[in-house]
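# Structural overview for review
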Amino acid sequence: MKISSSMIKALNDQIAMEAFASNYYLAMGSWCEITGYEGAANFFYQHVDEERLHMMKIVHYLNGVGIPAVIPLVKAPPKTFKSLESVCKTALKNEQAITAAINKMAELAQKQKDHSTFGFIQWFINEQIEEEKIFETILQKFDLIGRDKLAINEIDKSLASMITTNAN
Ligand code: OFO
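Structural notes, computed from the coordinates. Being a predicted model, the structure only gives us computed values, none of them experimental.

## A look at the packing of helix α2 (residues 38–64) against helix α5 (residues 149–161)
Two numbers describe how α2 lies on α5: the axes approach to 7 Å, and their chain directions differ by 35 degrees. The interaxial crossing formed by α2 with α5 has left-handed handedness. Mapping the contact onto sequence places E38, G39, A40 and F43 in α2 and D156, L159 and A160 in α5. Of the residues that constitute the contact of α2 with α5, the class distribution is four nonpolar, one polar and two charged.

## A closer look at the packing of α2 against helix α3 (residues 84–111)
Each pair of packed helices can be described by the angle between their axes along with the distance between the axes. At their nearest, the axes of α2 and α3 sit 12 Å apart, and the two run at 20 degrees to each other. On the basis of the axis angle, α2 is roughly parallel to α3. Judged by the sense of rotation from one axis to the other, the crossing of α2 with α3 is left-handed. Here A40, F44 and E51 of α2 lie close against α3, whose contacting residues are L84, V87, C88, A91 and E95. Here the contact of α2 with α3 is composed, by residue class, of six nonpolar, no polar and two charged.

## So, the state of the cysteines
Counting across every chain of the model gives zero disulfides. Considering cysteine sulfurs only, C88 is the nearest to C32, which forms no disulfide, with 7.1 Å between them.

Criteria and thresholds
Residues numbered from 1 in each chain as written. Predicted model: local features only at pLDDT ≥ 70, side-chain atom pairs only at ≥ 80, totals over all residues. Heavy atoms only, no water. Axes fitted to C-alpha atoms, helices over the stretch in contact; angles between N-to-C directions. Helix = DSSP H or I, 4+ residues; strand = E, 2+ residues; numbered from the N terminus. Left-handed = near helix turned anticlockwise from the far one by under 90°. Contact = heavy atoms within 4.5 Å. Nonpolar A, V, L, I, M, F, W, Y, C, P; charged D, E, K, R; others polar. Parallel < 35°, antiparallel > 145°, perpendicular 65-115°, else oblique. Disulfide = S-S within 2.5 Å.

Below, the structure is given as structure tokens:
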């Protein structure tokens, strides 16, 4: 199968982006854990695994077509965050950046008539719709329930209830 060098670069960049997302959510989960937001911590820890699986999907795709995947150096995420709301805002921004990168890859695949990669990317396109929706729903809760200690405690609990058993 012929995959262009620009598409290979885009796929490898996406590996790096997913790896960073995994690390970023690990930093968020860890901050939540030490701050006492147990539900949020577990929610973000689950996302660590999900992002790693996303990264692995691309690694396997490239390796599967005989193109060695580039395993990246992952830059360090921030050590601390301002609040649970700011963690969730940062996560949404991160997901929006991932969506933009995936959409760009889909456009490139279409332009290059790379049907295999275009087909492969469809899963990610659908996944991103879900991911953005999850973080938007959480952020909405701050406006609905509030930002005092009791409200944050409720939001923490609802984050725990959003943990799914089957990570993608
Ligand atoms: Fe893989 O970016 Fe979130 O889901």
